[in-house]
Amino acid sequence: MRLNEINFDDSVPVDGYGPGFFRVGGSVRSGALIVSPTGINGWSGLEDTKPLLDLAENIDVLFVGTGEETAHLPGQFRAELEAAGIGVEAMSSPSACRTYNVLLSEGRRVALAVLPV
């Protein structure tokens, strides 16, 4: 098997996570986060679409980590983002972090909105 080093350019991958925190680009952050091409920011959760809608011109897909288990997204949340042209994929937070990192390494226009486990 051939292994290649992944180059994330200026983007930041999720390095790890644990109870109530995420390690992103080498820094530990507590609570819910948005990780996007514009930076790393705190997030108020599924009621807070404003900062996600502001990303519409910079991303094609948003991965939403719903915590330890996959949960359905509120209809209004999904509708607002899709109306802005953002594809939305809900999954558990660990899966969302891994998927985000893979697509980020491929140079895709992705962001992550993630609730802690």
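1. Concerning the overall build of the protein chain
- On a plain count of helices and strands, the protein chain comes out with three helices and eight strands.
- Ordered by position from the N terminus, the helices and strands of the protein chain form the series β-β-β-β-β-α-β-α-β-α-β.
- Over its C-alpha trace the protein chain gives a radius of gyration of 13 Å, about what one expects of a compact globule, namely 13 Å for 117 residues.
- Its C-alpha atoms give the protein chain principal-axis dimensions of roughly 45 × 30 × 25 Å.
- Expressed as a percentage of its 117 residues, the buried residues of the protein chain come to 40%.
- Pairs at least 24 apart in sequence give 61% of the contacts found in the protein chain among residues at least 6 apart.
- Accessible surface, the protein chain as shown: approximately 6,500 Å² in total, 47% of it carbon and sulfur.

2. Details of the sheet that holds strand E7 (residues 87–91)
- Pairing in this open sheet of five strands is mixed, and the strands run E5-E4-E8-E6-E7 from one edge to the other. Strands with a single pairing partner mark the edges of an open sheet, and in this sheet they are strand E5 (39–42) and E7. Here the strands of the sheet are splayed against their neighbours by 15° on average, with no regard to which way each runs.
- Contacts from helix H2 (residues 75–83) reach strand E6 (61–66) and E7 within the one sheet, and its direction differs from that of E7 by about 145°.
- Its contacts with the sheet put helix H3 (residues 93–105) on strand E4 (33–36), E6, E7 and strand E8 (110–115), and the angle it makes with E8 is roughly 165°.

3. Concerning the sheet that holds strand E3 (residues 27–30)
- Strand order in the open sheet made by the three strands is E1-E2-E3, with antiparallel pairing throughout. Edge positions in the sheet fall to strand E1 (14–18) and E3, since each has one partner strand and no second. For this sheet, the mean angle separating the axes of adjacent strands, direction not counted, is 20°.
- Of the pairings in the sheet, the one linking strand E2 (residues 21–24) to E3 comprises four bridges and is antiparallel in character. Bridge pairing links Val24 to Ser27 in E3.
- Strands in contact with H3 are E1 and E2; relative to E1, the strand with the most contacts, it is inclined by about 175°.

4. Some remarks on the confidence of the model for the protein chain
- Looking at the protein chain as a whole, its pLDDT mean stands at 92, while 91% of the residues score no less than 70.
- pLDDT under 50 marks residues 1–5. Its contacts with residues more than four places away, or in other chains, come to zero contacts.

5. A short note on the pairing of E2
- In E2, alternate side chains face the same way, and those of Phe22 and Val24 are buried while those of Phe21 and Arg23 on the opposite face are not.
- Here four bridges tie E1 to E2, and the two strands are oriented antiparallel to one another. Within E2, the residue paired with Val14 across the bridge is Val24.
- Taking the residues that link successive antiparallel strands as the turn, the E1-E2 hairpin has two residues, and the phi of Gly20 there is positive, at about 85°.
- Counted between consecutive antiparallel strands, the loop separating E2 from E3 contains two residues, among which Gly25 sits at a positive phi close to 55°.

Definitions and cut-offs
Residues numbered from 1 in each chain as written. Predicted model: local features only at pLDDT ≥ 70, side-chain atom pairs only at ≥ 80, totals over all residues. Heavy atoms only, no water. Helix = DSSP H or I, 4+ residues; strand = E, 2+ residues; numbered from the N terminus. Rg over C-alpha atoms; globule rule 2.2 N^0.38 Å. Buried < 20%, exposed > 50% of the residue type's maximum accessible area, 1.4 Å probe, protein only. Contact = heavy atoms within 4.5 Å. Areas by Shrake-Rupley, 256 points an atom, 1.4 Å probe, with all protein chains shown as cover. Pairing = 2+ DSSP bridges. Axes fitted to C-alpha atoms, helices over the stretch in contact; angles between N-to-C directions. pLDDT = per-residue confidence, 0-100.

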